[in-house]
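Observations on chain architecture
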Amino acid sequence: MFNFVLKRLAIVIPTMLVLIVISFILMHSAPGGPFTSERELPPEILANVEAKYGLDQPLISQIVVYVKNVVFHFDFGPSFTYKDRSVNEIIAQGFPITLIYGSISFLVAVLVGVSLGVAAAIRHNSWLDYLAVGISIGAQVLPNFVMAPILVLVFTLWLGWLPGGGWEYNNPSYIIMPVIALSTSFMASIARITRSSMLEVLNANHIRTARAKGLPTRHIILHHALKPALLPVISYLGPAFVSMITGSVVIDMYFSTGGIGLFFVNAALNRDYSVMMGITILIGLLTIFFNLLVDIIYAWIDPKIRY
Amino acid sequence: MKFNQLLPFALSASLAMPVIAAGTSPDGEPLAEDQTFTYRLLDDIKSFDPQINTDVEGSRIMRDLFEGLMNEDATGELIPGAATGYTVSDDKLTYTFSLRDAKWSNGDPVTANDFVFAWRRLVDPALASEYAWYMELMGVKNASAVVKGDAPLEDLGVRAIDDKTFEVTIDNALPYFASMTVHASVFPVNAAVIEKHGKDWTKPGNLVGNGAYVLTEYRSGEKVVRERNPLYWNNDKTIIDEAVALVINDENQALTRYLAGELDKTAIPAGQYPRLKEEYPDQAYSFPQSCSYIYWFNMTDKGPEALKDVRVRKALSYAINREVITDRILQGGQYQSYNFTHQKTAGFELNEPDYATWSQSERDAKAVELLKEAGYGPENPLKLTLNYNTDEAHKKIAIGVSQFWKKTLGVEIELANTEWKIHTTNLQNGDYEIGRYAWCGDYNEASTYLDLLTSYSGHNVAGFNNAEYDKLMADSKTMEDPNPNYTAAETMLAENMPFAPVYQYTKVVMLSPQLRNYPVDNLMQNVYTRDLYISAK
């Protein structure tokens, strides 16, 4: 196991390098640049601006300088769009917000999703099953960009219970709607995966044996069925968690949370190379880390898996 | 002889009323307890540095944090700002501004040297401002040479005669030069503060300005808060205590939050104005905004052969039913456009081109005739591509126009939608046939539009090249009344049709019924928070 983890960590560096180089090249090959606007800059001004940001250098030396700054100084450079700020500042400000609402949404999605899935599987083909399946399908087909405006309409305009957007670290009322909007579709997927996997496990031989031994159902579910049933759920949770904590453009857009999701999309549209690279690297690292974590949890849950 | 423009200002100052009684507005209206003005921002602010800022919303905040030489009043008329007034030399090339006694928000006096520093900073190749061209546009002596790095900063035509006198020398007489000092990129900055904090100088707490407000809170992607600056020279007359800009990307979401009472001002999404006007007649507004929406025709070598024929260009322009676009698609009181300059531009006398006075069926008939003359018809159908950038309204207009062209003229239009940066790059490289575009005036004068079509303009992507037009525009710079030249230029555009005018903008917004003094008559949308107030009811 230890060797496995070491090996996985060792390939992080080449993986990240490939990610950086490919992203860098893709980004620069997109038409237009950070300073393309409807007012085309006179050549002398464009030259000054490009010199300031090092864009006048050949691409290869730009990549080298960039990697050097990131590795040795942990400096992701200045934003090309938000000119008063550096990428480090933008991530430092936005990522904690995204991390908070993402983690809470994740917990909600897992707790509700797994409970719903398990309940549906145990009471297979009962009204509870139909209800759970109905809820999860409904939640899945209702995209969050539709749900977000509806939430604000209901809770802000009609009921006046919650603020329509913004972010305060010490005021939970700002987080409720983002969490509902973000967790719903994940919750639905988790419920469906849990349900089908639970149904499969409940028909397995070891469960039949347990029932034959006369164990109480509650004990069978918690101790014998849940663990194997969660394996497919866990493989889904790794990437799901990363996508939740690295921000949702829809949540940031509709609830003005100030998270990094909107920055990421705007960076792509604005050709803000440095912000785009910074967030890409962050997402890349988190994805690698959580995939590793999922593999470790796998081995822990399923003794059949050996590394 | 120098003619003095200080007199009217001096008069109005002496007639000004004493400080307003607490709790009532200048009109005697009772004031609300809470003087906070909250409005929606589309996107995060890109910079709080006046010489770095490039966008309209940023400028709006700059006008609160800083103050330029001259300001605009609610109708867009020029009024004194950091300067009490100015004199112009006989050759009209030297402007001398007298500065008032004012302080920076840290207590330092505002001096002419602060302006010298800021104006040099704008063209400094080391700062590399994207708006350096603005100083070239103002024609300040040696601006271009400094930008190119061919002359030192000190050669820029600005100097401080003494602490309170700032002098600018320009290359050519420019009748509207003083009104250009209203622009945020020529606002003063405090050299000592920039020196001390370096690139962090614009952070709340560090930023020092000479405006009516100071930056107290900034949370990116979320909000910008400014609070009253007690050291501002006219603080006694300022009523709003706090201005809050909330970043709300989605305009429908912003509207919901406005209706929930979270905002005092927000934009009305396209097509919703009639409904809101009916439901909230005292809150839904549509007023002119200095922007003009056009479809460029690519007349360059890279463009299609057909568009080199003026008859084809005219036919296409005539066949656009602009009434449908303004009244059915946009529905926000926009103006049908048959020329380029926004018709509400100060001092601009719109001389409508002939085709503007015809009925649409007359225009259509003429269009069919012209296209036939040009050799296109059922046997030889004309096929063109219409490029636009991703946006609901652009899409609706493009679909509408392509239908007019198909039905009236039998022209086959392929719609090509790309995201903004790609669209802009294609236009600038000439890789398009017909391209959507909009130009917003930099200052309230017709040349901000008409200069675009000169052969030497970097924005003239149609490739319209007409020596006579260039001369008209060059001559207009030194004329006492340049209007005849502007009219002639517009006529020339209608005759050559390098683009099809589509519509001229209005600003369509919801304004809180308690909000007073919002400058609905200011074409440039130059809003100064200090002029507003919130009434008690």
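Each value, and the rule that gives it
- Residues numbered from 1 in each chain as written.
- Chains lettered and ligands numbered in written order.
- Predicted model: local features only at pLDDT ≥ 70, side-chain atom pairs only at ≥ 80, totals over all residues.
- Helix = DSSP H or I, 4+ residues; strand = E, 2+ residues; numbered from the N terminus.
- Buried ≥ 20, exposed ≤ 12 C-beta atoms within 10 Å, placed from the backbone.
- Contact = placed C-beta atoms within 7 Å.
- Axes fitted to C-alpha atoms, helices over the stretch in contact; angles between N-to-C directions.
- Parallel < 35°, antiparallel > 145°, perpendicular 65-115°, else oblique.
- Left-handed = near helix turned anticlockwise from the far one by under 90°.
- Core = buried A, V, L, I, M, F, W, Y, C linked by C-beta atoms within 7 Å.
- Expected span 1.5 Å × (residues − 1).
- Arc of directions from axis to C-beta.
- Pairing = 2+ DSSP bridges.
- Right-handed = clockwise from strand over helix to strand, strands pointing away.
- pLDDT = per-residue confidence, 0-100.
- Nonpolar A, V, L, I, M, F, W, Y, C, P; charged D, E, K, R; others polar.

It is worth spelling out the overall build of chain B at this point. The helix and strand inventory of chain B stands at 18 helices and 20 strands. Principal-axis analysis of the C-alpha atoms gives chain B an extent of 75 × 55 × 40 Å. The 537 residues of chain B split such that 50% are buried. Restricting to contacts in chain B with at least 6 residues of sequence separation, those with at least 24 account for 69%.

Moving on: the overall build of chain A. Tallying secondary structure elements over chain A gives 14 helices and zero strands in all. Its helices and strands in sequence order give chain A the pattern α-α-α-α-α-α-α-α-α-α-α-α-α-α, from N to C terminus. On the principal axes, the C-alpha backbone points of chain A span a range of 85 × 60 × 35 Å. The contacts of chain A with a sequence gap of at least 6 include a subset with a gap of at least 24, amounting to 71%.

Bringing the packing of helix 8 (residues 176-202) of chain A against helix 10 (residues 217-229) of chain A into the picture now. Residue and element names in this part refer to chain A. Here helix 8 crosses helix 10 at 130 degrees, and the two axes come no closer than 9 Å. On the basis of their axis angle, the class for helix 8 and helix 10 is oblique. Relative to helix 10, helix 8 is oriented so that their crossing is right-handed. In contact with Thr 194, Ser 197, Met 198, Val 201 and Leu 202 of helix 8, helix 10 contributes Ala 225, Pro 228 and Ala 229.

Leu 65, Trp 119, Leu 122, Val 123, Ala 132, Met 135 and Met 510 of chain B are the most contacted members of the largest nonpolar core, which has 87 residues in total. Broken down by element, the residue count for this core peaks at seven residues, all from helix 3 (residues 112-123) of chain B. When near neighbours in sequence (up to four residues on either side) are disregarded, Met 510 of chain B contacts Leu 255, Tyr 258, Lys 265, Thr 266, Ile 268, Leu 276, Gln 283 and Ala 284 of chain B. In this structure, Phe 24, Ala 139, Phe 255 and Phe 264 of chain A belong to the second largest nonpolar core, which totals 64 residues.

Here we come to helix 14 (residues 392-409) of chain B. Residues and elements named next belong to chain B. In a regular helix each residue adds 1.5 Å, so 18 residues correspond to 26 Å; helix 14 covers 25 Å between its end C-alpha atoms and thus fits that length. All of the buried residues along helix 14 are Ile 397, Ala 398, Val 401, Phe 404, Trp 405, Thr 408 and Leu 409. When helix 14 is viewed along its axis, its buried side chains cluster within an angular range of 125 degrees and face the same direction. Opposite its buried face, helix 14 presents the exposed residues Glu 392 and Lys 407, each directed more than 90 degrees away.

Residue and element names in this part refer to chain B. With respect to burial, strand 13 (residues 284-297) is a largely interior element, 12 of its 14 residues being buried. Alignment of strand 13 against strand 18 (residues 499-511), held across 10 bridges, turns out to be antiparallel. What sits directly across from Ile 294, in strand 18, is Pro 501. Relative to strand 17 (residues 434-440), strand 13 is paired through seven bridges, and the arrangement is antiparallel. Among the inter-strand pairings, Tyr 295 is bridged to a residue of strand 17, identified as Arg 436.

Another aspect to go through is the interface of chain A and chain B. The partner chain B presents 40 residues to the 42 residues of chain A that form the contact. Contributing elements (two or more residues each) for the side of chain A that touches chain B: helix 3 (43-53), helix 5 (87-122), helix 7 (144-158), helix 12 (249-255) and helix 13 (260-270) of chain A. Looking at the side of chain A that touches chain B element by element, the count peaks at six residues for helix 3 of chain A.

Further remarks concern the pairing of strand 15 (residues 383-389) of chain B. Residue and element names in this part refer to chain B. With five of seven residues buried, strand 15 lies mostly within the body of the structure. Pairing of strand 15 with strand 16 (residues 412-418) involves seven bridges; the strand directions are parallel. When the bridges of strand 16 are listed, Asn 389 appears paired with Thr 418. Handedness of the β-α-β unit built from strand 15, helix 14 and strand 16 comes out right-handed. Pairing geometry for strand 15 and strand 17, over two bridges, is parallel. Looking across to strand 17, one finds that Asn 387 is bridged to Gly 435.

Let's shift gears to the environment of Asp 295 of chain A. All names here are of chain A. With respect to the helices and strands, Asp 295 occurs in helix 14 (residues 273-301). Judged by the 19 C-beta atoms lying within 10 Å of it, Asp 295 is partly exposed. Taking the C-alpha atoms as reference points, Asp 295 and Ile 221, 74 residues apart in sequence, are found 24 Å from one another.

Chain-level statistics for chain B give a pLDDT mean of 92 and a share of 96% at 70 or above. Interface confidence for the predicted complex, expressed as ipTM, amounts to 0.87; the pTM equals 0.88.

All names here are of chain A. Where helix 2 (residues 12-29) meets helix 14, the closest approach of the two axes is 10 Å, and the angle between their N-to-C directions is 150 degrees. Looking at the two axes, helix 2 sits roughly antiparallel to helix 14. Between helix 2 and helix 14 lies a crossing of right-handed hand. Contacts from Val 12, Thr 15, Met 16, Leu 19, Ile 20, Ser 23, Phe 24 and Met 27 in helix 2 reach Tyr 273, Met 276, Met 277, Thr 280, Ile 281, Gly 284, Leu 285 and Ile 288 in helix 14. Here the contact of helix 2 with helix 14 is built from residues that sort into 12 nonpolar, four polar and no charged.

This brings us to helix 13 of chain A. Residue and element names in this part refer to chain A. Counting buried residues in helix 13 gives eight out of 11 residues, a clear majority hidden from the surface. The complete set of buried residues in helix 13 reads Ile 260, Gly 261, Leu 262, Phe 263, Phe 264, Asn 266, Ala 267 and Asn 270. Phi turns positive one or two residues past the end of helix 13, at Arg 271, with a value near 55 degrees.

For the rest of this paragraph, the subject is unusual backbone geometry. Glycine aside, negative phi is the norm for most residues, and most peptide bonds take the trans geometry. The backbone of Asn 125 of chain A shows a phi angle near 60 degrees, a positive value even though the residue is not glycine. In this structure, Asn 125 of chain A sits in the loop between helix 5 and helix 6 (127-141). Phi at Lys 92 of chain B takes a positive value of approximately 60 degrees, unusual for a residue other than glycine.

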